[in-house]
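Topology and contacts: notes
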Amino acid sequence: QVQLVESGGGLVQAGGSLRLSCLASGRTFRLYVMGWFRQAPGKEHEFVSAIRWNNGDTRYADSAKGRFTISRDNAKNTVYLQMNSLKPEDTAVYYCAADRAGIGMSSDPEVYDYWGQGTQVTVSS
């Protein structure tokens, strides 16, 4: 089993920054691909970014490229999402997810096996 706990969400003005954290616990998660998704009201889960825990390879959605940075700290078992130049359309609940197969860095939420409880990000205009 893997447990994921997100933190770092909040209210920020457009153009501001937030850093989300995802603390992972459980066995073998270092083999996993870790992803960040978001869900706005009335919409489906949207892929934001992913990172392969063992080598740090990353992938970003077009909406995140150039503004968001995903990283991980092996010593702290934590994955981060640094979000800069935030826009009102970034408002959503952000979820951390883990894909235990770790074969690819999929943008399909169905591929991911474990999910955190989510953290709200609200960007005001």
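Above this text sits the structure in question.
Reference entry: report on the structure contained in this document.

1. Brief notes about the overall build of the protein chain
The secondary structure content of the protein chain amounts to zero helices and eleven strands. Moving toward the C terminus, one meets the helices and strands of the protein chain in the order β-β-β-β-β-β-β-β-β-β-β. Over its C-alpha atoms, taken along the principal directions, the protein chain stretches across nearly 40 × 30 × 25 Å. For the protein chain, buried positions account for 44% of its 125 residues. Intrachain contacts of the protein chain at a sequence separation of at least 6 include 58% that bridge at least 24 residues. Split by element, the accessible area of the protein chain, about 6,300 Å² in all, is 47% carbon and sulfur. Each charge sign in the protein chain was given a centre, from 13 positive and 12 negative side chains, and these centres are 7 Å apart.

2. Some points on the packing of aromatic side chains
Counting across every chain of the model gives six aromatic pairs. Here the aromatic rings of Tyr 112 and Trp 115 are separated by 6.4 Å at their centres, their planes lie at 65°, and the arrangement is edge-to-face. Residue Tyr 112 is classed as buried on the basis of its relative accessible area, which comes to 5%. The exposure class assigned to Trp 115 is partly exposed, which follows from its relative accessible area of 31%. Three or more aromatic residues link up through ring pairs in this structure, and these residues are Phe 37, Phe 47, Tyr 95, Tyr 112 and Trp 115. For Arg 59, the ring lying beneath its charged end belongs to Phe 47, and the centroid distance is 5.2 Å.

3. Quick notes on the sheet that holds strand E3 (residues 18–26)
With antiparallel pairing, four strands are arranged side by side in an open sheet as E1-E3-E8-E7. Taken across any chain shown, the strands that pair with only one partner, and hence form the sheet edges, are strand E1 (2–7) and strand E7 (68–73). Between one strand and the next, the sheet's axes are offset by a mean angle of 15°, whatever the strand orientation. With six bridges connecting them, E7 and strand E8 (residues 78–83) associate as antiparallel partners. If you follow Thr 69 over to E8, its bridge partner there is Gln 82.

4. A word on the nonpolar core
Among the nonpolar cores identified, the biggest contains 28 residues, and Leu 4, Met 34, Trp 36, Leu 81, Met 83 and Tyr 94 are the most heavily contacted of them. Of all the secondary structure elements, the ones that give two or more residues to this core are E1, E3, strand E4 (33–39), strand E5 (46–52), E7, E8, strand E9 (92–99) and strand E11 (119–124). Formed by eight residues, the second largest nonpolar core is a distinct cluster that contains Val 33, Phe 37, Met 105 and Tyr 112.

5. Considering the pattern of salt bridges
Between side chains of opposite charge, pairing is possible as soon as their charged atoms come close. Tallied over the entire structure, the rule returns five salt bridges. Residues Asp 90 and Arg 38 are paired through a salt bridge, measuring 2.8 Å at the closest nitrogen-oxygen approach. With a gap of 52 residues between them, Asp 90 in the loop between E8 and E9 and Arg 38 in strand E4 connect regions that are remote in the sequence. Residue classification places Asp 90 among the buried residues on the basis of a relative accessible area of 1%.

Conventions and cut-offs
- Residue indices follow the written sequence of each chain, beginning from 1 at its first position.
- Local features are withheld for residues below a pLDDT of 70 in this predicted model, meaning they are given only at 70 or higher, and side-chain atom pairs are given and counted only at 80 or more; totals for whole chains, interfaces and linings count all residues.
- Calculated side-chain values reflect all of the structure's heavy atoms, with hydrogen atoms and water omitted.
- A run of DSSP states H or I qualifies as a helix once it reaches four residues; a run of E qualifies as a strand once it reaches two. Both are numbered from the N-terminal end.
- Whether a residue is buried, partly exposed or exposed follows from its accessible area with a 1.4 Å probe, protein chains only, as a fraction of its type maximum: under 20%, in between, or over 50%, in that order.
- Working rule for contacts: check all heavy atoms of both residues, and any pair within 4.5 Å makes them a contact.
- Using a 1.4 Å probe, the Shrake-Rupley method yields the accessible areas, and only the shown protein chains count as cover for residues.
- Charge convention: Lys and Arg are scored as positive, Asp and Glu as negative, and His as well as the terminal groups of each chain are ignored.
- Note on charges: their place is set at NZ of Lys, CZ of Arg, CG of Asp or CD of Glu.
- Only rings of Phe, Tyr and Trp enter the pairing, Trp through its six-membered ring, and a pair is recorded when the two centres are within 6.5 Å. The plane angle decides the type: under 30 degrees is stacked, over 60 is edge-to-face, the rest tilted.
- When the NZ atom of lysine or the CZ atom of arginine is within 6 Å of a ring's centre and also within 35 degrees of its normal, the charge is said to sit over that ring.
- If DSSP finds at least two bridges between two strands, the strands pair.
- The convention used is that axes are lines fitted to C-alpha atoms, helices contributing only their stretch in contact, and that angles between N-to-C directions extend from 0 to 180 degrees.
- Buried Ala, Val, Leu, Ile, Met, Phe, Trp, Tyr and Cys residues form a nonpolar core when they are joined through side-chain atoms within 4.5 Å.
- When a carboxyl oxygen of Asp or Glu is within 4 Å of a side-chain nitrogen of Lys or Arg, the pair counts as a salt bridge.

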